[in-house]
Amino acid sequence: MTMAPEPKGKLGAAALVSVNGPEGEILDWGAVDWRACEESVRRLRQRIFTASKAGDLKRVRSLQRLLLRSRANTLLSVRRVSERNAGRGTAGVDGEVALTPRARMQLARRVQCEAASWRARPVKRVYVPKKQGSGGKRRPLGIPVIVDRVHQARVVSALEPEWEARFEARSYGFRPGRGCHDAIEAIYRVARGANPKRRWVLNADLAAAFDRIDHDHILAMIGTFPARELVEQWLKAGVIEDGHFTPTEEGTPQGGVISPVLLNIALHGMEQAAGVRYRTSASEAGKTVTGSPVLVRYADDLVVLCHTRRQAIEVKARLTVWLAPKGLAFNEDKTRLVTLEEGFDFLGFNVRRYRGKLLVKPSKAAIRRVRERLRTEMRSLRGANAAAVLRRLTPIIRGWAAYYRSAVSSETFKTLDDYLWKLTYKWASYNHSNKPRFWVSARYFGMFNPSRRDRWVFGDRESGAYLPKFAWTRVVRHRMVKGASSPDDPALAAYWAERRARTPPPTAGKATWRIYQAQEGRCPHCGDWLLHAEDPPRTPHEWEQWLSISRPTIVRDVEQQDDKPDEQEPRLIHAHCRTRHTNERRQYPGTLHGHEPTRLA
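Residues numbered from 1 in each chain as written. Predicted model: local features only at pLDDT ≥ 70, side-chain atom pairs only at ≥ 80, totals over all residues. Heavy atoms only, no water.

A.B. asks: Go over a positive patch on the surface with me, naming the residues and quoting the values.
C.D. replies: Together, K130, K137, R139 and K334 make up a positively charged patch on the protein surface. Structurally, the position occupied by R139 is in strand β2 (residues 138–143). (Patch = residues over 30% accessible without salt bridge, like charges linked within 9 Å, V, L, I, M, F, W, Y side chains within 5 Å. Areas by Shrake-Rupley, 256 points an atom, 1.4 Å probe, with all protein chains shown as cover. Salt bridge = Lys/Arg side-chain N within 4 Å of Asp/Glu carboxyl O. Lys, Arg positive; Asp, Glu negative; His and termini not counted. Charge placed at Lys NZ, Arg CZ, Asp CG, Glu CD. Helix = DSSP H or I, 4+ residues; strand = E, 2+ residues; numbered from the N terminus.)

A.B. asks: Break down the pattern of salt bridges for me, with residues and values.
C.D. replies: Where charged atoms from two side chains of opposite charge come close, those side chains can pair. In total, this model carries 24 salt bridges according to the counting rule given. Ionic pairing is found between E96 and R110, a salt bridge with its closest N-O pair at 3.3 Å. A residue pair is termed long-range when its members are at least 10 positions apart, and E96 in the loop between α3 (71–84) and α4 (101–114) and R110 in helix α4 qualify at 14 residues. Note that K316 and E332 form a salt bridge whose closest N and O atoms lie 3.0 Å from each other. Of this pair, K316 sits in helix α12 (residues 309–323) while E332 sits in the loop between α12 and β8 (336–339), placing them 16 residues apart in sequence. Residue class for E332 comes out partly exposed when judged on its relative accessible area of 49%. Because the salt bridges share partners, they merge into one network encompassing E39, R42 and R43. (Buried < 20%, exposed > 50% of the residue type's maximum accessible area, 1.4 Å probe, protein only.)

A.B. asks: Any details on unusual backbone geometry? Residues and values, ideally.
C.D. replies: Positive phi values are uncommon outside glycine, yet A208 reaches one of about 45 degrees. Inspection of the secondary structure assignment puts A208 in the loop between β3 (200–205) and α7 (209–212). A positive phi angle is found at D242, which is not glycine, with a value near 55 degrees. Mapped onto the elements, D242 comes out in the loop between β4 (239–241) and β5 (244–246). According to the relative accessible area criterion, D242 is exposed, its value standing at 69%.

What follows is the structure in structure tokens.
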């Protein structure tokens, strides 16, 4: 049911769209009640989780079919793919994208109506460069058409909660509410202390896991899942590269929404295969048995902490046998057997004991990559103005600092700030080679940041904008997710609400953080979350994308209170909500008030 807009002289008097309704009904994307949609999907996911935890497979399948038919699930899936995903502007083989509200609403109706008859399309092969220092190697990605991406998001919503109830506690990759920092913190808690019991480390990586995983194994793992046939179609859809079609006999293409979930399902049981054993008593549940190794996995990267070198070798041998039927094997070039005193790199961090103390720092390779990135960007900006430098470098600096803020990074941040100053000064001197040094310094450096007494901040004199420093990011300890906790567990709703409330937006100032807390993290217009803590950025590049894409969608707005017309109350809202309500204000003058267009942070 669609309700027509009815001005009532106050904020939020807008059209609302019912979560369910007739299939042929014309809906307005800007009028969808997103909070109701999220609540509907969340309840179904929690019911699936509960049934899976209880072992009631029949009820799990019934609830999954219900969620796959849900219009709310379709709307949220379209929103995820076409509005929030960093690759929303990338088209598949059909060349279609959905970047406008009208296109998104048409896409949602198309997906909902054609769900039963849809056939998977081939993916488009594109290549992206691997990490700097990889010898120019490129990683193949498979980009599905946008309808397939939406269908995959719908299927993930139904499949994921079933497996969230089964997944191992120390599996952290591509799971809701978990990330790289949880994996690093798990390693730290096992290896810390003056005399840790597990001093030997098997640091392993699987060779081309996404490309080689066996299809039959995946299909056997998901069993009688209602959308099993659609999953099989995606696995065997084939690839189009340079106009030529190639069938896919193995692997799941990186770039698909469902691929990370399928990889986690395929690798489920790795802890048991490695010989990890947990205590079963209620008071010690979740603790490993004495003498047992500890395995921490993030997607296809894993670390096994062992008591002796012999135990580490035995674990590797057992896992090699276990991986073979799945079409997987270790990448011997990246698999190492070391002690904590030698240290190892994992997820961009270096974990090593220094004089009896375990420290987690940014790895040398990660520091080298960001220095090279900054150097390359500054060279490409020669001849550009200061505003272009700020636009290009600010997300890189803030993204990298946000990812490494939970490690021992203070000295690294200072070193990078010194290097960045040299790059900016060299850039300014190149652009003004006929000017003396004091002129260059006065033009581009000064106390641009009023909250810091630092006269060597690079900035733009015309706009007053300035380049942030790495060292301005405060180092904070990451709060690791507890045990096997999942956002889909209804018994832990209070835990996840408290976790969200205590997690400030990265780079947010004190004033912004107070407003965020007062609003309980929700937009006052649509009721949706301002930031989605269940899906945090996982790499420095994802942090950079978040700061470039997601963060600007949140703006600071000023509204007059109804009972106090002379007072104004600042709040944080979504940029698209402000746009929608600004249009309503033009249609119904006097219902809304002015805004202050400053960004989050």
